[in-house]
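# Observations on chain architecture
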Amino acid sequence: MKERVRKQILDFKPYTPGLTLEDIREEYGVERVIKLASNENPLGVSPVVQKVLGQKAAEVFRYPQNHSPRLAAALAERLGVEPDMVVVGNGSDEIIDMLYRVVAEPGRDNVVCYEHSFSMYRMCAKLCGVEYREIPREHGLGLPMEHLARAADEHTALVFLTSPDNPTGLAATADEIAKLSRALPEGALLVVDGAYAEFAEPQDIYEAAPRLAELDNLVLLRTFSKAYGLAGMRLGYGIMPAWLASYLRRARIPFTVNLPAEAAGLAALEDEVFLSETLRVVCEGRDYLGRELAALGCEVTPSQANFLMFRPPSDATVFFEGMLRRGIIVRHLKSFGLPDHIRVNMGTESENRAFVSACRELL
Ligand SMILES: *Cc1c(COP(=O)(O)O)cnc(C)c1O
């Protein structure tokens, strides 16, 4: 019966989750485990959101409102766009998946992306039977903007740009995004994945939302998983031309965003104190870790995100394992095709200090 499985699916590898905090505690006999590997919020969850989640527990026997209209309206107002341009999803991952299904024709179309990027883009292409065109990066692992435009043709459905980029932390300015959008062939959508957009400084140079009115092929992706500390709720959104948003809403499975998630998103938007504290802790941590890593001989890439990518002066695998033995989980970028590089996200001040002292021991 295995022949029933579509041929695109047969060589999918099962997802191997990273070690859990308990695994590390047991395996290495350490008391305190610090996780700086998944770009989660160093301050945890907003207390305002926690309170709202408690209140919503009694309501979960009800179906949620499909497409989370209250949250979509609140987001639209903040971004200065029409509410029908916002699609709320079960993580921005759902929006990526829906974009493929709605605009990429299997067996005919292609999507364009650069190497060493978020695995979801490739996975969806494979699942959909759409050609995945991977563009090499230049020296310094920069964002190859011109090359993206050159690789696109009349069958290109989507061009992905992660900005700020994961794993490098590099960001494209709104002007660079507009230039790329205009350089693409007719019919190709430019998807700017801004999972880390809130961390870019100064915001007005990088914020592409004001350009949506003039660029009719631009799609922006955002998430509550990082700056808003809601990774476990699964809540993200896309901002796109209204005609496209309307097809996404029509084609998707009903109620993918659950009732507590919408309430959590609304509460998170209201809690400006939590967001500004998050940004302060991340930006201070980014400066501190960047300085300390450079002083220890690491090659650090300048970052606009809540993490830093660096190349330690010695073997990255040895560094990664040395960190684990000290109870600190960072991300070895082997899975991104960068075996010499490490990614570390900003933790609390005390977690950052613990990371730096572990680095001093190791390097
Ligand atoms: C973390 C991350 C996301 C967020 O995905 P969610 O499904 O919203 O949690 C999206 N894109 C990139 C590049 C990321 O690193």
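Residues numbered from 1 in each chain as written. Predicted model: local features only at pLDDT ≥ 70, side-chain atom pairs only at ≥ 80, totals over all residues. Heavy atoms only, no water.

### Brief notes about the overall build of the protein chain
Counting its regular elements, the protein chain contains 13 helices and 13 strands. Its C-alpha atoms give the protein chain a radius of gyration of 21 Å, within 12% of the compact-globule value 21 Å for 363 residues. C-alpha extents for the protein chain along the principal axes are approximately 55 × 55 × 50 Å. For the protein chain, with 363 residues in total, the buried portion stands at 54%. Excluding contacts between residues fewer than 6 apart, the proportion of contacts in the protein chain whose partners are at least 24 apart in sequence is 73%. Here the protein chain has roughly 17200 Å² of accessible surface; of this, 52% comes from carbon and sulfur atoms. (Helix = DSSP H or I, 4+ residues; strand = E, 2+ residues; numbered from the N terminus. Rg over C-alpha atoms; globule rule 2.2 N^0.38 Å. Buried < 20%, exposed > 50% of the residue type's maximum accessible area, 1.4 Å probe, protein only. Contact = heavy atoms within 4.5 Å. Areas by Shrake-Rupley, 256 points an atom, 1.4 Å probe, with all protein chains shown as cover.)

### Considering the domain arrangement of the protein chain
Taken domain by domain, the protein chain consists of domain 1 (2–45 + 273–362) and domain 2 (58–270). Listed as interface residues are 31 residues of domain 1 and, on the opposing side, 28 residues of domain 2. Among the residues of domain 1 in contact with domain 2, Phe12, Gln304 and Phe336 are the three that bury the most area, contributing 27% of the side total. Taken together, the connections running from domain 1 to domain 2 amount to 2 salt bridges. Glu201 is the salt-bridge partner of Arg286, the closest N and O atoms lying 3.7 Å from each other. (Domains from an automatic or database assignment. Buried area = accessible area lost by both parts, 1.4 Å probe. Salt bridge = Lys/Arg side-chain N within 4 Å of Asp/Glu carboxyl O.)

### So, the pairing of strand S6 (residues 189–193)
Of all 5 residues that make up S6, 5 are buried, and the element is covered over most of its length. Burial along S6 is two-sided: the face carrying Leu189, Val191 and Asp193 and the face carrying Leu190 and Val192 are both buried. Across 5 bridges, strand S5 (residues 156–162) lies against S6 in parallel orientation. Bridging from a neighbouring strand, Leu161 pairs with Val192 of S6. For S6 and strand S7 (residues 218–223), the ladder comprises 4 bridges, and the chain directions are parallel. Residue Val191 lies in a different strand from S7, and its bridge partner there is Val219. (Pairing = 2+ DSSP bridges.)

### Things to note about the packing of aromatic side chains
This model, assessed by the stated rule, comprises 9 aromatic pairs. With 5.6 Å between their ring centres and 85° between their planes, Phe310 and Phe319 make a pair best called edge-to-face. When sorted by exposure, Phe310 lands in the same class as Phe319, which is buried. Three or more aromatic residues joined by ring pairs form one cluster here, namely Tyr100, Phe118, Tyr121 and Phe160. The ring centre of Tyr247 lies 4.2 Å from the NZ or CZ of Arg250, which sits over that ring. Sitting above the plane of the Phe307 ring, Arg343 keeps its charged end 5.5 Å from the centroid. (Phe/Tyr/Trp six-rings, centres within 6.5 Å; stacked < 30°, edge-to-face > 60°. Lys NZ or Arg CZ within 6 Å of the ring centre and 35° of its normal.)

### Quick notes on the UniProt feature "modified residue: N6-(pyridoxal phosphate)lysine" (unreviewed entry) in the protein chain
When the UniProt feature table is mapped to this numbering, "modified residue: N6-(pyridoxal phosphate)lysine" (unreviewed entry) covers Lys226. Assignment of secondary structure puts Lys226 in the loop between S7 and strand S8 (236–239). Once you skip the residues sitting within four places of it in the chain, Lys226 turns out to touch Ser38, Asn39, Asn41, Ala195, Tyr196, Phe199 and Asn306. (UniProt positions renumbered as here; feature names shortened; annotations may be inferred.)

### Some remarks on the sheet that holds S7
Spatial ordering of the open sheet is given by S2-S8-S7-S6-S5-S3-S4, a layout of 7 strands whose pairing is mixed. The sheet is open, and its two edges are formed by strand S2 (86–89) and strand S4 (131–135), each paired on a single side. The average angle at which neighbouring strand axes cross in this sheet is 20°, direction not considered. Across the face of the sheet, helix H7 (residues 174–183) comes into contact with S5, S6 and S7 while running at roughly 155° to S6. (Axes fitted to C-alpha atoms, helices over the stretch in contact; angles between N-to-C directions.)

### As for helix H11 (residues 272–295)
The α-helix winds at 3.6 residues per turn, so residues separated by three or four positions along the chain end up facing the same way. Relative to the 34 Å expected for 24 residues at 1.5 Å per residue, H11 spans 35 Å between its end C-alpha atoms, a close match to the ideal helical length. Of all the residues in H11, the buried ones are Phe274, Leu275, Thr278, Val281, Val282, Cys283, Gly285, Arg286, Leu289, Gly290, Glu292 and Leu293. Against the buried residues of H11 lie helix H2 (47–56), strand S9 (299–300), strand S10 (307–311), strand S13 (342–345) and helix H13 (349–362). Note on H11: the residue one or two positions beyond its end, Gly297, has a positive phi of about 90°. (Expected span 1.5 Å × (residues − 1).)

### Some words on the site of the ligand
Within the structure, the ligand sits among 14 residues, and Tyr196, Thr223, Ser225, Lys226 and Arg234 are positioned closest to it. Interatomic distance of 2.6 Å between a side-chain N/O atom of Ser225 and an oxygen atom of the ligand. Burial of the ligand by the surrounding chains reaches 93%, relative to a free accessible area of 390 Å². Looking at the shell around the ligand, its residues break down into 4 nonpolar, 6 polar and 4 charged. (Near = heavy atom within 4 Å. Polar contact = N/O pair within 3.5 Å; in protein donor to acceptor, adjacent residues only side chain to side chain. Nonpolar A, V, L, I, M, F, W, Y, C, P; charged D, E, K, R; others polar.)

### Observations concerning unusual backbone geometry
Following Ser163, the chain continues into Pro164 via a peptide bond in cis, with omega recorded as -10°. Relative to the helices and strands, Pro164 is located in the loop between S5 and H7. Although it is not a glycine, His67 sits at a positive phi angle of roughly 70°. With respect to the helices, strands and loops of the structure, His67 is situated in the loop between H2 and helix H3 (69–79). Positive phi, close to 55°, is recorded for His116, a residue that is not glycine.

### Description of the sheet that holds strand S12 (residues 331–332)
The pairing of strands in a sheet happens through backbone hydrogen bonds and is either parallel or antiparallel. If you trace the 4 strands from one edge of the open sheet to the other, you get S9-S10-S13-S12, paired in antiparallel fashion. Sheet topology places S9 and S12 at the edges, where each strand pairs with a single neighbour. The sheet contact formed by S10 and S13 spans 4 bridges and is antiparallel. What sits directly across from Met309, in S13, is Arg343. Of the strands in this sheet, S9, S10 and S13 are in contact with H11, which crosses S10 at around 10°.

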